[in-house]
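In case you want the letters, here they are:
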Amino acid sequence: MTVTISAAGHKLLVRPVKVKNVSEGGIFLGSTEREDKAVGLGMVIEIGPTAFIGVAGCNPMEYPPSHPRYTMEPYQIWDPKLKIGCVVYYNRYEGYNPDVPEYKEFKNIPDISVGGVVEGDFEVLKTDF
């Protein structure tokens, strides 16, 4: 039997990752600093259907129909780079790990816990959390 877990409501399902290298122009912290600041990195696996609804400026209906944001999802308004497969940073202690063997390495985090999208030339490794 296969088990499937998905993000519900305002949650994001992420797979925690480690960054091996950071680009010259990258803003991200080294592993020691990440530990000190309790910052986690995760690859976005799924975005809940109500993620970022209610966050200031993220309601498409606040914009006139002629505005490009009128047709966007709230998470796209929050950050156009946010999508499935991107890497985000968040407070490592936010959210929870599902108690399902196939998903024990995953984490469900609230939308407002996402600090931003990490970009640049770096290698993402699976974590050992």
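Residues numbered from 1 in each chain as written. Predicted model: local features only at pLDDT ≥ 70, side-chain atom pairs only at ≥ 80, totals over all residues. Heavy atoms only, no water.

**Details of the overall build of the protein**
Line of reasoning, step 1. Each helix and strand counted, the protein has 2 helices and 6 strands in total.
Line of reasoning, step 2. Counted from the first residue to the last, the protein has its helices and strands arranged as β-α-β-α-β-β-β-β.
Line of reasoning, step 3. In the protein, which comprises 129 residues, the proportion classed as buried is 39%. (Helix = DSSP H or I, 4+ residues; strand = E, 2+ residues; numbered from the N terminus. Buried < 20%, exposed > 50% of the residue type's maximum accessible area, 1.4 Å probe, protein only.)

**With respect to the confidence of the model for the protein**
Line of reasoning, step 1. Mean pLDDT over the protein: 83, with 78% of residues reaching 70 or higher.
Line of reasoning, step 2. Mean pLDDT across the secondary structure elements of the protein bottoms out at helix H1 (residues 31-37), with 52, and peaks at helix H2 (residues 74-78), with 94. (pLDDT = per-residue confidence, 0-100.)

**Here we look at the packing of aromatic side chains**
By convention here, two paired aromatic rings are described through the distance between centres and the angle between planes.
Line of reasoning, step 1. Applying the stated criterion to the full structure yields 2 aromatic pairs.
Line of reasoning, step 2. Ring centres 4.6 Å apart and planes at 20° place the aromatic pair Phe 52 and Trp 78 in the stacked group. Here Phe 52 is found in the loop between strand S2 (39-47) and H2, whereas its partner Trp 78 is found in helix H2, with 26 residues between them in sequence.
Line of reasoning, step 3. For Phe 52, a relative accessible area of 1% translates into the label buried.
Line of reasoning, step 4. The exposure class of Trp 78 is partly exposed, given its relative accessible area of 27%.
Line of reasoning, step 5. Seen from their ring centres, Tyr 103 and Phe 106 are 5.2 Å apart, and the 55° between their planes marks the pair as tilted. (Phe/Tyr/Trp six-rings, centres within 6.5 Å; stacked < 30°, edge-to-face > 60°.)

**What to know about the side chain of Asp 111**
Line of reasoning, step 1. Here Asp 111 lies in the loop between strand S4 (107-110) and strand S5 (114-118).
Line of reasoning, step 2. For Asp 111, which is buried and forms no salt bridge, the nearest opposite charge comes from Lys 11, at a distance of 7.8 Å.
Line of reasoning, step 3. Not counting residues up to four positions away in its chain, the partners in contact with Asp 111 are His 10, Leu 12, Thr 50, Ala 51, Phe 52 and Ile 53. (Lys, Arg positive; Asp, Glu negative; His and termini not counted. Salt bridge = Lys/Arg side-chain N within 4 Å of Asp/Glu carboxyl O. Contact = heavy atoms within 4.5 Å.)

**So, the pattern of salt bridges**
Line of reasoning, step 1. Applying the stated criterion across every chain yields a total of 2 salt bridges.
Line of reasoning, step 2. Between Asp 79 and Lys 81 there is a salt bridge; the shortest N-O distance is 3.7 Å.
Line of reasoning, step 3. Taking relative accessible area as the criterion, Asp 79 reaches 12% and is therefore assigned buried.
Line of reasoning, step 4. Glu 119 is the salt-bridge partner of Lys 81, the closest N and O atoms lying 3.9 Å from each other.

**What to know about the pairing of S2**
Line of reasoning, step 1. Taking burial as the measure, the 9 residues of S2 include 7 buried ones, the bulk of the element.
Line of reasoning, step 2. Pairing of S2 with strand S3 (residues 87-91), which is carried by 5 bridges, proceeds in the antiparallel orientation. Along S3, the bridge assignment pairs Met 43 with Val 87. (Pairing = 2+ DSSP bridges.)

**Some remarks on the nonpolar core**
Line of reasoning, step 1. Ranked by size, the top nonpolar core spans 16 residues in total, and within it Leu 12, Val 14, Val 44, Phe 52, Leu 82 and Val 88 carry the most contacts.
Line of reasoning, step 2. Counting only elements with at least two residues in this core, the list comes to strand S1 (11-19), S2, S3 and S5.
Line of reasoning, step 3. Of all hydrophobic cores here, the second largest spans 6 residues; its members include Ile 5, Val 100, Tyr 103 and Phe 106. (Core = buried A, V, L, I, M, F, W, Y, C linked by side-chain atoms within 4.5 Å.)

**So, the environment of Ile 45**
Line of reasoning, step 1. By secondary structure assignment, the location of Ile 45 is in strand S2.
Line of reasoning, step 2. For the pair Ile 45 and Ile 84, spaced 39 residues apart in sequence, the C-alpha separation works out to 5.5 Å.
Line of reasoning, step 3. With residues near it in sequence (within four places) discarded, Ile 45 still touches Leu 13, Val 14, Arg 15, Ile 84 and Phe 106.

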